[in-house]
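# Structural features, examined
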Amino acid sequence: MAEERFFLTGALGCLGSWVVKNLVDEGIPTTVFDLGGNPHRLKLIMSDDDLAKVTFINGDVTDLNVVETAIRDSGATHIIHLAALQVPFCKADPMLGARVNVVGTVNMFESAKRLGIKKIVYASSIAVYGAPSEYPEGLVKHDAPLHPLNHYGVYKRANEGTASIYWQDDGVSSIGLRPYTIYGPGRDQGLTSTPTKAMLAAAAGIPYHISYGGYNGFQYTDDVAKIFIQAARAAYEGAGVYNLRGSVAHVSEVVEAIKAAEPGAQITFEAKPLALPDGFEDVELVKAIGAVPETPLKEGVAMTIAQFKQALAAGKVTTDNL
Ligand SMILES: NC(=O)c1ccc[n+]([C@@H]2O[C@H](COP(=O)([O-])OP(=O)(O)OC[C@H]3O[C@@H](n4cnc5c(N)ncnc54)[C@H](O)[C@@H]3O)[C@@H](O)[C@H]2O)c1
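Summarised in this report is the structure supplied together with it. Nothing here was measured: the structure is a model prediction, and the numbers come from that model.

## Here's the deal with the sheet that holds strand E9 (residues 215-220)
- Spatially, the three strands line up as an open sheet ordered E7-E9-E11, and their pairing is mixed. Each edge of the sheet is formed by a strand with only one pairing partner; in this case those strands are strand E7 (181-183) and strand E11 (247-250). With strand direction ignored, the average angle separating the axes of adjacent strands in the sheet is 45°.
- Here four bridges tie E9 to E11, and the two strands are oriented antiparallel to one another. The residue bridging Asn-216 from the neighbouring strand is Ala-249, located in E11.
- Lying over the sheet, helix H9 (residues 221-233) contacts E7 and E9, oriented at roughly 70° with respect to E9.

What follows is the structure, encoded as structure tokens:
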């Protein structure tokens with residue numbers, strides 16, 4: 001079998017950084033494609049020596065020629081597409097959001113088609129679903145109706161449609177994964193980043209108020225990164241889209257986990273929940289790619305706080321963004 005070579009977009013982001021870390025830890029040649037901003041999330045979790053093993057390409061996913069050339073030059077055998085603008089950024093600039101999240105994803109699939117690459121793994125989101133009142137009690141099932149309530153969710157839904165048409169017309173397979181709330185070092189922006197910001201505040205010994213309440217599926221960044229890599233390696237044909245589950249828990253349980261790891265932490269939360277269902281089933285994901293890693297919430301929160309303490313001491317993270 002040919003040696004694996006991974007090509008990853010959005011690799012300077014939270015999830016991307018953890019995918020890069022896992023691949024480098026495994027010794028896999030990895031090319032990362034991102035706008036070329038500050039690699040602070042990568043530096044938070046990787047040594048300079050390990051970062052030197054990664055090939056960096058500064059580029060914009062909205063430019064088809066740049067994307068296609070970068071993928072060709074990388075000799076990619078596996079593609080993970082994460083580059084996107086999150087909910088608040090799509091709301092602030094829907095035109096840019098559509099260019100990056102919709103056109104950018106079409107560019108990835110078109111490049112794969114032109115280059116004869118057989119499969120892409122990409123990030124969708126549980127934002128493709130609707131308000132909690134639209135679904136029966138309990139965890140939302142894989143095939144529940146989609147009804148996105150913001151531009152970001154509409155764009156992610158479009159990605160899922162794009163993926164299915166590239167499979168139907170051109171035989172490019174894909175697995176789309178829908179995370180809920182990713183937490184852990186590097187999660188410093190986006191609608192659901194405030195639980196992680198509370199962990200950073202606790203590590204720094206300062207009070208923090210989480211911006212929402214209710215139930216969420218919380219998933220540790222490293223688990224999500226490993227699931228994306230596992231999906232990329234899965235022998236799979238088709239255009240499947242799967243929910244990620246994580247630990248379905250109330251924000252109060254996150255606060256308890258923070259206080260268990262850091263007694264004396266002054267963390268509170270807003271009572272109002274997000275306009276999203278409490279949690280999602282991942283039964284179909286496991287059928288498609290096998291059992292997935294699942295760090296218990298309490299353990300993931302404790303690890304995150306410990307990692308933040310080390311990073312604060314080393315000057316690799318600040319509390320300026322809280
Ligand atoms: N974080 C979550 O809880 C969550 C939940 C659901 C889905 N997702 C999805 O997972 C993926 C990764 O999320 P994240 O939290 O790591 O996001 P992030 O915001 O931390 O990182 C996104 C990365 O995309 C890059 N990017 C933006 N525009 C680009 C462009 N035009 N060209 C190239 N790169 C560009 C950014 O520079 C950044 O490094 C995204 O697609 C996101 O929508 C995340």
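## Notes on the pairing of strand E2 (residues 30-34)
- Burial analysis of E2 places five of its five residues in the buried class, which makes it a mostly covered element.
- Of the two faces of E2, the one lined by Thr-30, Val-32 and Asp-34 and the one lined by Thr-31 and Phe-33 are each fully buried.
- Here four bridges tie strand E1 (residues 6-9) to E2, and the two strands are oriented parallel to one another. When the sheet's bridge partners are listed, Leu-8 is paired in E2 with Val-32.
- After leaving E1, the chain enters helix H1 (residues 14-25) and then returns to the sheet as E2, a path that is right-handed.

## Let's talk about the nonpolar core
- Of all hydrophobic cores here, the largest spans 97 residues; its most connected members are Leu-8, Val-19, Ile-79, Val-121, Phe-228 and Ile-258.
- Setting aside anything within four residues of it in sequence, one finds Ile-258 in contact with Ala-198, Met-199, Ala-202, Ala-265, Ile-267, Val-301 and Ile-305.

## Topic: the site of the ligand
- The environment of the ligand is formed by 28 residues, the closest being Gly-10, Gly-13, Ala-83, Ala-84 and Ala-123.
- Of all the elements, H1 adds the most residues to the shell around the ligand, at three residues.
- Residues belonging to the shell around the ligand are distributed by class as follows: 13 nonpolar, 13 polar and two charged.

## A look at the packing of helix H6 (residues 94-115) against helix H7 (residues 151-170)
- Running from N to C, H6 and H7 point in directions that differ by 15°, and their axes come no closer than 10 Å. Compared by their axis directions, H6 and H7 come out roughly parallel. As for the relative orientation of H6 and H7, their crossing is right-handed in sense. Where H6 abuts H7, its residues Pro-94, Gly-97, Ala-98, Asn-101, Val-102, Thr-105, Val-106, Phe-109 and Lys-113 lie against His-151, Tyr-152, Tyr-155, Ala-158, Asn-159, Thr-162, Ala-163, Tyr-166 and Asp-170.
- Within the contact of H6 with H7, the residues separate by chemical class into 10 nonpolar, six polar and two charged.

Calculation criteria
Residues numbered from 1 in each chain as written. Predicted model: local features only at pLDDT ≥ 70, side-chain atom pairs only at ≥ 80, totals over all residues. Pairing = 2+ DSSP bridges. Helix = DSSP H or I, 4+ residues; strand = E, 2+ residues; numbered from the N terminus. Axes fitted to C-alpha atoms, helices over the stretch in contact; angles between N-to-C directions. Contact = placed C-beta atoms within 7 Å. Buried ≥ 20, exposed ≤ 12 C-beta atoms within 10 Å, placed from the backbone. Right-handed = clockwise from strand over helix to strand, strands pointing away. Core = buried A, V, L, I, M, F, W, Y, C linked by C-beta atoms within 7 Å. Near = placed C-beta within 6 Å. Nonpolar A, V, L, I, M, F, W, Y, C, P; charged D, E, K, R; others polar. Parallel < 35°, antiparallel > 145°, perpendicular 65-115°, else oblique. Left-handed = near helix turned anticlockwise from the far one by under 90°.

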